[in-house]
Amino acid sequence: MDEFVNKTWDKINRKMLTVAPRSKDKLPYITVNGVFDNYYPGCPSWWTNGFWGGLMWLMYADTKNELYKEVALRSEELLDAALKDYDQLHHDVGFMWHITSGVNYRLTGNKDARIKALNMANLLAARYNINGRYIRAWNSFGTEDNTGWSIIDSMMNIPLLYWASDEVKDERYRIIAISHADTVMKVHIRDDGSVRHIVENDIVEGGLVDDFGGQGYDKGSSWSRGQAWAIYGFVLSYIHTGKQEYLDTAKKVALYFISCVCDEWVPKCDFRCPKEPVYYDTSAGAIAACGLIEIANLVGEFEKDLYLNAALKILKATEERFCDWSLDTDNILTHATEAYHADRHHISMIYADYYFVEAIYKLRGNKELFW
Ligand code: GLY
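An account of the accompanying structure is given in this report. (Residues numbered from 1 in each chain as written. Predicted model: local features only at pLDDT ≥ 70, side-chain atom pairs only at ≥ 80, totals over all residues. Heavy atoms only, no water.)

Section: the overall build of the protein chain
Next up, step 1: Helix and strand counts for the protein chain come out as 14 helices and seven strands.
Next up, step 2: Computed over C-alpha atoms, the radius of gyration of the protein chain comes to 19 Å, within 12% of the 21 Å expected from 2.2 N^0.38 for 371 residues, which places it in the range of a compact globule.
Next up, step 3: Its C-alpha atoms give the protein chain principal-axis dimensions of about 55 × 45 × 45 Å.
Next up, step 4: Buried positions account for 61% of the 371 residues belonging to the protein chain.
Next up, step 5: Looking at the protein chain alone, contacts between residues at least 24 apart form 69% of all its contacts between residues at least 6 apart.
Next up, step 6: Between the averaged position of the 40 positive side-chain charges in the protein chain and that of its 52 negative side-chain charges there is a distance of 3 Å. (Helix = DSSP H or I, 4+ residues; strand = E, 2+ residues; numbered from the N terminus. Rg over C-alpha atoms; globule rule 2.2 N^0.38 Å. Buried < 20%, exposed > 50% of the residue type's maximum accessible area, 1.4 Å probe, protein only. Contact = heavy atoms within 4.5 Å. Lys, Arg positive; Asp, Glu negative; His and termini not counted. Charge placed at Lys NZ, Arg CZ, Asp CG, Glu CD.)

Here we look at the site of the ligand
Next up, step 1: Contacts to the ligand come from Trp-47, Asp-153, Gln-215, Trp-223, Arg-225, Trp-229 and Tyr-351.
Next up, step 2: At a separation of 2.7 Å, an oxygen atom of the ligand approaches a polar side-chain atom of Gln-215.
Next up, step 3: Within the side chain of Trp-229, one N or O atom sits 3.0 Å away from an oxygen atom of the ligand.
Next up, step 4: Taken by itself the ligand offers 200 Å² of open surface, and the protein chains cover 93% of this.
Next up, step 5: Given that more than half its atoms are within 2 Å of the pocket grid, the ligand belongs to the largest pocket.
Next up, step 6: Of the residues assigned to the shell around the ligand, the class counts are four nonpolar, one polar and two charged. (Near = heavy atom within 4 Å. Polar contact = N/O pair within 3.5 Å; in protein donor to acceptor, adjacent residues only side chain to side chain. Areas by Shrake-Rupley, 256 points an atom, 1.4 Å probe, with all protein chains shown as cover. 1 Å grid on protein atoms, 1.4 Å probe; cavity = no way out; pocket = protein on both sides within 12 Å on 5 of 7 lines; lining within 4 Å. Sits in = over half its atoms within 2 Å of the grid points. Nonpolar A, V, L, I, M, F, W, Y, C, P; charged D, E, K, R; others polar.)

Some points on the pattern of salt bridges
Next up, step 1: Overall, the coordinates contain 28 salt bridges when judged by the stated rule.
Next up, step 2: Between Glu-303 and Lys-251 there is a salt bridge, with its nearest N and O atoms 2.8 Å apart. Of the two residues, Glu-303 sits in helix H13 (residues 301-322) while Lys-251 sits in helix H11 (residues 244-261), which places them 52 residues apart along the sequence.
Next up, step 3: On the basis of relative accessibility, which here comes to 17%, the residue Lys-251 falls in the buried class.
Next up, step 4: The shortest N-O distance in the salt bridge between Lys-268 and Asp-263 comes to 3.5 Å.
Next up, step 5: You can call Lys-268 partly exposed: its relative accessible area is 21%.
Next up, step 6: Look at Asp-263 and you get exposed, because its relative accessible area is 56%.
Next up, step 7: What you see here is one network of salt bridges that share partners, running through Lys-24, Asp-25, Arg-74 and Glu-77. (Salt bridge = Lys/Arg side-chain N within 4 Å of Asp/Glu carboxyl O.)

Details of the packing of aromatic side chains
Next up, step 1: One pass over the full model with this rule turns up 32 aromatic pairs.
Next up, step 2: Ring centres of Tyr-256 and Phe-271 lie 6.2 Å apart, and the angle between their planes is 75°; this geometry places the pair in the edge-to-face category. Of this pair, Tyr-256 sits in helix H11 while Phe-271 sits in the loop between H11 and helix H12 (282-298), and the two are 15 residues apart along the sequence.
Next up, step 3: The class of Tyr-256 is buried, set by a relative accessible area of 10%.
Next up, step 4: Ring centres of Tyr-355 and Trp-371 lie 6.0 Å apart, and the angle between their planes is 10°; on these two criteria the pair is classed as stacked. Residue Tyr-355 is found in helix H14 (residues 350-363), and its partner Trp-371 is found in the segment after H14; the two are separated by 16 residues along the sequence. Of the two residues, Tyr-355 and Trp-371, neither departs from the other in class, the shared state being buried.
Next up, step 5: An aromatic cluster is built from Trp-47, Phe-51, Phe-95, Trp-229, Tyr-232, Tyr-351, Tyr-354, Tyr-355 and Trp-371, whose rings are joined through pairwise contacts.
Next up, step 6: In this structure, Lys-64 packs its charged tip against the face of Tyr-60, placed 5.9 Å from the ring centre.
Next up, step 7: Directly above the aromatic system of Tyr-173 lies the positively charged group of Arg-172, at a separation of 5.3 Å from the ring centroid. (Phe/Tyr/Trp six-rings, centres within 6.5 Å; stacked < 30°, edge-to-face > 60°. Lys NZ or Arg CZ within 6 Å of the ring centre and 35° of its normal.)

Digging into the state of the cysteines
Next up, step 1: Counted under the stated rule, the structure contains zero disulfides.
Next up, step 2: No disulfide involves Cys-323; its sulfur sits 13 Å from that of Cys-290, the nearest cysteine. (Disulfide = S-S within 2.5 Å.)

A look at the nonpolar core
Next up, step 1: Formed by 128 residues in total, the largest nonpolar core has its most connected members in Tyr-355 and Trp-371.
Next up, step 2: Top contributing element to this core by residue count: H14, with eleven residues. (Core = buried A, V, L, I, M, F, W, Y, C linked by side-chain atoms within 4.5 Å.)

Some remarks on the side chain of Ser-23
Next up, step 1: Relative to the assigned elements, Ser-23 resides in the loop between helix H1 (2-22) and strand E1 (31-32).
Next up, step 2: With residues near it in sequence (within four places) discarded, Ser-23 still touches Phe-36, Trp-52 and Asp-330.

Some thoughts on the pairing of strand E7 (residues 208-212)
Next up, step 1: Judged from the four bridges that link them, strand E6 (residues 198-201) and E7 form a sheet pairing that is antiparallel. The residue of E7 that forms the bridge with Val-199 is Asp-211.
Next up, step 2: Turn length for the E6-E7 hairpin, with the two strands adjacent in sequence and antiparallel, is six residues, and the turn residue Gly-206 shows positive phi of about 80°. (Pairing = 2+ DSSP bridges.)

Right, dumping it as structure tokens:
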């Protein structure tokens, strides 16, 4: 393991030393012909706009190279434009600010960054529906009524609330996060360990009204990135609360995920879809690997290898088949997929790179938890 991890980290660092300076004024989402696009200033509130800054903080936390810190700070400045785009913000403020301003504060003590992260925790907490006991996901798109919607991705947003409770010594944020996680456990996780992407909750009584395939193949299918959000999200909720059900849920979804991916260790975009066409999603593998590594750190010695070996197999298969180490291109991973029915499959996406790097960062023994 150590040889793979260290060699891969060296490749990451070599590439990022070249990519970081030339991308410092961007909030990238995907690459076009190998070059990062830029969501600043056109779309500052896009949900993935924190990942480039977060990636730079991962690099800084491991290497202490000031270049990475400078680029991370610049990225946070660009992200400030989203504060003015306030009515476009929704539950993904966790993705956006927890690994940018939140990590900035935790690593450097920067007071402005702390205030930004706390403001975003307030925004996220305010999306909680007290009667339905869930955090509303998105704002309305056009005429569609999505006030009752929660989505599995939310499990990665609520660590911002656990942090805020600890930071201001007020349990309100944690109470909201736990209530939401309990609802997600009930309405999103199926008995067989597969996961519903989008659920419509009863806004008055709580409980499942309907569910939708979302970014997966169809209703009743199993969008692999959603499974991965559940694995990592529930193990994080366990880490922040100690609630055993969360670890049990993370393990249940993890075992399901492992059983679906063990043919070639690179997830398809959906685990329940027609055999053809084949759409891979390397981002799902990278996210799941982060969760599997955390589970391996928490279970007993006779269970640990199951999760750790699965994480390693995913990362190795991804590295062998779907990593681009050329210094001429900006992305690391290839073959990520936005959604089963999207126009774009097998593209690079900034968060696929982020989670791949985070998984390798963890395997190097780095202890600072970004979420
Ligand atoms: N959070 C949206 C996605 O995973 O694509």
